[in-house]
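Architecture and fold: a report
One letter stands for each residue in the lines below.
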Amino acid sequence: MKKFFLDAREMAHPEPFQISLKYLKEMSNEDYFYMLNTKEPIPLLELAHDKGFKFLTHQDSNKNWHIVISKNSQQNLEELLDV
Amino acid sequence: MFNQGGLSLDQAPPLSVVMRFFITASIFGILLGLFLFSQSLHITTLSSYSTQLITVHTLSLGVMASFMLGALFQMLPVLAGVVIKTPTTKAMMVHGLLTVGVLVQLFAFGVTSNSLLYFLASAYLGLALFYALYLMLKELIKIKTHSSSSKGISLALTMLIPTVIFGTYLLLTEGGFIHIIDFSQIKEIHYSFALLGWISLLIVSVSFQVIEMFYVTPSYPTNITKYLTLTIVLLLILKMTFILLEYPTTILTATIALLFLAYATVTIERLTQRKRPTADATVWFWLFGMALFILSMTVTLIGSFFTISSTLQHLSYIAFIGFALSIVFAMIYKIVPFLTWFHLSNQGYMEAPMMHDVIHPKKAKIHFYIHFVTIVIWLLTTDITWLGSLLITISFGWLFYNLIFAIKKYTYTQKHCEKIEW
């Protein structure tokens, strides 16, 4: 299982979106994408949903958003959360 | 791009919807430059009144309204989470009516004795703008929880309503269909709503969201995002009432200018606090635009209390035009590369050109230099010179070339690159 990681907290739009889309296309069924962001990336999540990905979002005590996206519908995403 | 609250990028209209407006706006800009060039060399010899009307309305309707309506068709799903169904057909109707309306209006201003042209111009422009307002406002009023941007955009669009009503009234008066007792009163109301309501408030509202997102800056203070747009609207309505009742409007105009000065200062401050400052032409456009807005509003503020020369008055108008154009250019160089890349990428083209391949940042920088020199020369001369006119033509010509290049990249990728399902 390969982790595609992106820390987008200091990135300007639309760079995080552009990189995320690249990762989502490259990911195999076993891989997952982990993103750290200051905001919940609704556009990305809607797109991921439309393309059949499963996702989980979580806001930590520092107000950072943790986003986990996987192609595998059986994957327990909460286990992958790093908070 | 970008809503933090409920968008769908998939609901973004096709690229053609936006590009149609942007290309037309660039062509109007080129035509304006050529017209002013011929006027400065006395190839055409229209009166200064006609030249002024043609210049102002080519800029405000042919250029600005085309850019702003095109951008709104694209940005409403994104910034406000609202969707205009079948956008292609509807945008085509607005675009067609607006383009014909502007052309007829310009001819009417050039051939002042033709009443029919004034009537047709008011009909086409009225239909185009009211139809666009209907399409957008009917979706915006359905929003249950407004963001500062969606609220501001709704208010800016609302300010377009009196702009169009009073504009139509003035056109019909020019055509001899009706008679206004005090033409200058209605004219002042018309341009106050157009410049300070519609154009300025739209820019302000959009900036609340895009400055932070595009440039990773601290957010605007809550007092500004919550109250600024509504306060300006109320002041403008009050100003209209005072003008009609023939009460002095000094304090109202000065307050509006002060509020915009505060906004522009905060925007510059935010842009200097970017977390990752890079040499980005779109930031330069924003900074230059805000500096010009400060200049324009400072002169307006001084002019509220003291008698100022017509040269200084002209300086204020030119600075305002420079402000509005700077922000529009900043937005275009963000919107067009992103949309081109996004649509291709979403369609499954693995080799979709990256954003900097669509319009290279260097090309945007070149445009900034041309635009900067154009506005500075215009400010220094406070009149239309052959050099200034030539620079206007080059500025819009360069934008036109960049937009055509982006379209060519888009169609080339669709024709020649391989698609994947993902």
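It should be emphasised that the depicted structure is a prediction, and the values quoted were computed from it without experimental measurement.

On to the overall build of chain B. Scanning chain B from terminus to terminus reveals 13 helices and 0 strands. Based on the C-alpha atoms only, the size of chain B along its principal axes is roughly 65 × 50 × 40 Å. Taken over 422 residues, chain B has a buried fraction of 58%. Total accessible area on chain B stands at roughly 17,200 Å², and carbon and sulfur atoms take up 68% of it.

Turning our eyes to something else, we now look at the sheet that holds strand β3 (residues 54-59) of chain A. All names here are of chain A. An order of β1-β2-β4-β3 is seen for the 4 strands of this open sheet, with the pairing classed as mixed. Only two strands of the sheet have a single neighbouring strand rather than two, namely β1 (3-7) and β3. Each adjacent strand pair in this sheet contributes to an overall mean axis angle of 15 degrees, direction not counted. The pairing of β1 with strand β2 (residues 32-37) spans 5 bridges and is classified as parallel. If you follow aspartate 7 over to β2, its bridge partner there is leucine 36. Sheet strands touched by helix α1 (residues 15-26): β1, β2 and β4 (65-70). Its angle to β1, the strand with the most contacts, is close to 180 degrees.

Let's shift gears to the packing of helix α9 (residues 281-305) of chain B against helix α10 (residues 310-346) of chain B. All names here are of chain B. Running from amino to carboxyl end, α9 crosses α10 at an angle of 155 degrees, the nearest separation of the two axes being 7 Å. Here α9 is positioned roughly antiparallel relative to α10, judged by the angle of their axes. Crossing handedness for the pair α9 and α10: left-handed. A breakdown of the residues in the contact of α9 with α10 according to their chemical character gives 19 nonpolar, 7 polar and 1 charged.

This part takes up helix α6 (residues 183-215) of chain B. The terminal C-alpha atoms of α6 of chain B, which comprises 33 residues, lie 44 Å apart, in line with the 48 Å expected from a rise of 1.5 Å per residue. The largest bend in α6 of chain B amounts to roughly 45 degrees and is located at serine 207 of chain B.

Attention shifts here to the nonpolar core. Membership of the largest hydrophobic core comes to 169 residues, with the highest contact counts inside it found for Phe33 of chain A together with Phe22, Phe67, Tyr263 and Trp286 of chain B. The leading source of residues in this core is α10 of chain B, at 21 residues. Counting 7 residues, the second-largest nonpolar core is a separate cluster that includes Tyr34, Leu56, Val68 and Leu81 of chain A.

Compared with the 16 Å implied by 1.5 Å per residue over 12 residues, the 17 Å span of α1 of chain A between its first and last C-alpha is a close match. Among the residues of α1 of chain A, Pro16, Phe17, Gln18, Ser20, Leu21, Tyr23, Leu24 and Lys25 of chain A are the ones counted as buried.

Take the environment of tyrosine 34 of chain A next. Residues and elements named next belong to chain A. When you line up the elements, tyrosine 34 lands in strand β2. Residue classification places tyrosine 34 among the buried residues on the basis of a relative accessible area of 2%. Tyrosine 34 sits 23 residues away from threonine 57 along the chain, and the two C-alpha atoms are 10.0 Å apart. Within the structure, tyrosine 34 has its side chain in polar contact with the side chain of histidine 66 (distance 2.8 Å). Only 2.8 Å separates the side chain of tyrosine 34 from the backbone nitrogen of aspartate 82, close enough to count as a polar contact.

Let us now look at the packing of α6 of chain B against α9 of chain B. Residue and element names in this part refer to chain B. In the contact formed by α6 and α9, the axes pass within 13 Å of each other and the chain directions differ by 145 degrees. Every pair of crossing elements has a handedness; the one defined by α6 and α9 is left-handed. Residues Leu196, Ser200, Ile203, Ser207, Val210, Ile211 and Tyr215 of α6 form the contact with α9, whose own contacting residues are Thr282, Val283, Trp286, Phe293 and Met297. Broken down by class, the residue content of the contact of α6 with α9 amounts to 9 nonpolar, 3 polar and no charged.

The final tally for this structure, using the stated rule, is 9 salt bridges over all chains. With a closest N to O distance of 2.8 Å, glutamate 212 of chain B and lysine 39 of chain A form a salt bridge. Pair noted here: glutamate 212 of chain B is in helix α6 and lysine 39 of chain A is in the loop between β2 and α2 (42-50), and the two residues belong to different chains. Its relative accessible area of 27% is what places lysine 39 of chain A among the partly exposed residues. Across the pair glutamate 188 of chain B and lysine 239 of chain B runs a salt bridge whose closest N-O atoms are separated by 3.9 Å. With glutamate 188 of chain B in helix α6 and lysine 239 of chain B in helix α7 (residues 222-244), the pair connects residues that are 51 residues apart, well separated along the chain. On the accessibility criterion, glutamate 188 of chain B (25% relative accessible area) is partly exposed. Sharing partners across several salt bridges, the network here consists of Lys138, Glu139 and Lys142 of chain B.

As a rule of thumb, non-glycine residues mostly have phi less than zero, and peptide bonds are mostly trans rather than cis. In this chain, histidine 13 of chain A is followed by proline 14 of chain A through a cis amide linkage whose omega measures 0 degrees. In this structure, lysine 63 of chain A takes a positive phi of about 70 degrees despite not being glycine. Counting through the fold element by element, lysine 63 of chain A comes out in the loop between β3 and β4. Backbone geometry at threonine 86 of chain B places phi at a positive 40 degrees, although glycine is not the residue there.

Residue and element names in this part refer to chain A. Bridge count for β3 against β4 is 6 bridges, and the pairing is antiparallel. Bridging from a neighbouring strand, leucine 56 pairs with valine 68 of β4. Taken together, β3 and the strand that follows it, β4, pair antiparallel across an intervening segment of 5 residues, in which lysine 63 is found at a positive phi of about 70 degrees.

Turning our eyes to something else, we now look at the side chain of serine 304 of chain B. Within the secondary structure layout, serine 304 of chain B lies in helix α9. What makes serine 304 of chain B buried here is its relative accessible area of 14%.

What counts as what
- Residue numbers here run from 1 along each chain, matching the order of that chain's written sequence.
- Chains carry letters from A onward and ligands carry numbers from 1 onward, assigned in written order.
- Local features in this predicted model are restricted to residues whose pLDDT is 70 or higher, and side-chain atom pairs enter the listing and the counts only when it is 80 or higher, whereas totals over whole chains, interfaces and linings include all residues.
- Only heavy atoms go into the side-chain values, all of them from the structure, while hydrogens and water stay out.
- By definition, any uninterrupted DSSP run of H or I lasting at least four residues is a helix, any uninterrupted run of E lasting at least two residues is a strand, and each is numbered from the N terminus.
- For each residue, the accessible area found with a 1.4 Å probe, counting protein chains only, is set against the maximum for its type, and the residue is called buried under 20%, exposed over 50%, and partly exposed in between.
- Surface accessibility in these figures is a Shrake-Rupley result with a 1.4 Å probe; residues are shielded only by whichever protein chains are displayed.
- Two strands are counted as paired when DSSP detects at least two bridges linking them.
- For helices, the fitted axis covers only the stretch in contact; all axes are lines through C-alpha atoms, and the angles between them, taken along N-to-C directions, range from 0 to 180 degrees.
- Here, residues are in contact when the closest pair of their heavy atoms is within 4.5 Å.
- Here roughly perpendicular refers to angles of 65 to 115 degrees, roughly parallel to angles under 35, roughly antiparallel to angles over 145, and oblique to all remaining angles.
- The sense of a crossing depends on the near helix, which, turned anticlockwise from the far helix by less than a right angle, makes the crossing left-handed and, turned clockwise, makes it right-handed.
- Polar here means any residue outside two lists: the nonpolar Ala, Val, Leu, Ile, Met, Phe, Trp, Tyr, Cys and Pro, and the charged Asp, Glu, Lys and Arg; Gly therefore counts as polar.
- Here, expected helix span is obtained from the residue count minus one, scaled by 1.5 Å.
- What we call the bend at a residue is the angle made by axes fitted to the seven residues finishing there and the seven residues starting there.
- Put simply, buried Ala, Val, Leu, Ile, Met, Phe, Trp, Tyr and Cys residues joined by side-chain atoms within 4.5 Å make one nonpolar core.
- Two N or O atoms form a polar contact when they lie within 3.5 Å of each other; inside protein one atom must be a possible hydrogen donor and the other a possible acceptor, and for residues adjacent in sequence the pair counts only when both atoms belong to side chains.
- Should a side-chain nitrogen of Lys or Arg be within 4 Å of a carboxyl oxygen of Asp or Glu, the pair is scored as a salt bridge.

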